[in-house]
Amino acid sequence: MTVNCVYEHNGKDTLLYADNYVGAYTRGNTVDIAIAKMPLEIKSYLQWLGKPSVSDFDIKTVQEKVSTLSVCDADSDVIFDSEKLPLAFEEYIRLKELCLKSAQDFLKQYELIPDRDKSALPHRDTFYGKIPRTATEMYEHTKNVNSYYFGEIGVEANNDGTILECRRIGFEALEKNPDFLSMPVIVGSYDELWSLRKVLRRFIWHDRIHAKAMYRMAQKTFDCEIENVFKFAI
């Protein structure tokens, strides 16, 4: 299996994204470390989707983005070359359903936490603020990018309701634009480039980051078995 990857880095830390497995990613101090982690990430991603596992991988880097952002804190502004292309309706429906499944599974992972305001993780600050520690903080942070992501492509959305409800309403607002599948690349906040494909990928990627953090936090905090909803390779 060939996994085409986009490599974003700031000279020391790396984010590696699977271009053809939307939302799958790894991190590492070097690109070699991130590449070495990718087969397990794809295996867990396929398991999450209920698809057959794969044993042989060819990890290929198809794009590189040098960043000034704090990549180690998963701060990213890359747009894939493939994300600048328009979407066919059938592909949009498939990716939209994946975004909604991701939101639904994130909500399920959150609801499985015994005490959503308890955490064994230490407090940690970054340039961008405090890192979410508790399940509640992780959930609210992840849910509340809804208005931001949709807003970057000119769609008015809010963060009301559950993560699944507000995401579904955002898609309904998007689809009221008759030309939404052929929207051009847009220059958004901080001169970051956005497209519909990028928004779809960012939702799933962001869910995966914080669902993994939530699951790991729960493992450290609670003396009980908690379902690994996203099937992460921990």
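Just so we're clear, the structure is a prediction, and the values are computed from it rather than from any experiment. (Residues numbered from 1 in each chain as written. Predicted model: local features only at pLDDT ≥ 70, side-chain atom pairs only at ≥ 80, totals over all residues. Heavy atoms only, no water.)

(A) Representation of the packing of aromatic side chains. For the coordinates displayed, the defined rule picks out 17 aromatic pairs. Measuring from ring centre to ring centre gives 4.9 Å for Tyr92 and Phe180, while their planes differ by 70°; the resulting arrangement is edge-to-face. Of this pair, Tyr92 sits in helix H2 (residues 89-111) while Phe180 sits in the loop between helix H5 (163-174) and strand E7 (186-187); the two residues are 88 residues apart in sequence, bridging distant segments of the chain. This pair shows no difference in class: Tyr92 is buried, exactly as Phe180 is. Feature note: the residues Tyr92, Tyr148, Tyr149, Phe150, Phe171, Phe180, Trp194 and Phe203 constitute an aromatic cluster, connected by ring pairs. Between Arg201 and the ring centre of Phe80, over which it is positioned, the NZ or CZ distance is 4.0 Å. Here the guanidinium or amino end of Arg208 rests over the ring plane of Trp48, the centre of that ring lying 5.7 Å away. (Phe/Tyr/Trp six-rings, centres within 6.5 Å; stacked < 30°, edge-to-face > 60°. Helix = DSSP H or I, 4+ residues; strand = E, 2+ residues; numbered from the N terminus. Buried < 20%, exposed > 50% of the residue type's maximum accessible area, 1.4 Å probe, protein only. Lys NZ or Arg CZ within 6 Å of the ring centre and 35° of its normal.)

(B) Summary view of the pairing of strand E3 (residues 25-28). The sheet contact formed by strand E2 (residues 14-18) and E3 spans four bridges and is antiparallel. Opposite Leu16, over in E3, you have Thr26 as the bridge partner. The antiparallel hairpin formed by E2 and E3 contains six residues in its connecting segment, where Gly23 sits at a positive phi of about 100°. (Pairing = 2+ DSSP bridges.)

(C) Main features of the layout of surface pockets. Approximately 1600 Å³ is the volume attributed to the largest pocket. Lining of the largest pocket is provided by 43 residues; of these, Asp73, Ala74, Asp75, Ile209 and His210 occupy positions nearest its centre. Looking at the lining of the largest pocket, the elements with two or more residues in it are E3, helix H1 (31-48), strand E6 (129-130), helix H3 (135-143), helix H4 (146-151) and helix H6 (196-221). By residue number, the principal contributor to the lining of the largest pocket is H6, which donates 10 residues. The residue inventory of the lining of the largest pocket, partitioned by class, reads 20 nonpolar, nine polar and 14 charged. In this structure, the second largest pocket encloses a volume near 320 Å³. Taken together, 18 residues make up the lining of the second largest pocket; nearest its centre are Asp19, Asn20, Val22, Arg94 and Leu95. Secondary structure elements with two or more residues in the lining of the second largest pocket: H1, H2 and H6. In terms of residue count, the dominant contributor to the lining of the second largest pocket is H2 (four residues). (1 Å grid on protein atoms, 1.4 Å probe; cavity = no way out; pocket = protein on both sides within 12 Å on 5 of 7 lines; lining within 4 Å. Points joined across faces, edges and corners; volume = space filled by probe spheres on them. Nonpolar A, V, L, I, M, F, W, Y, C, P; charged D, E, K, R; others polar.)

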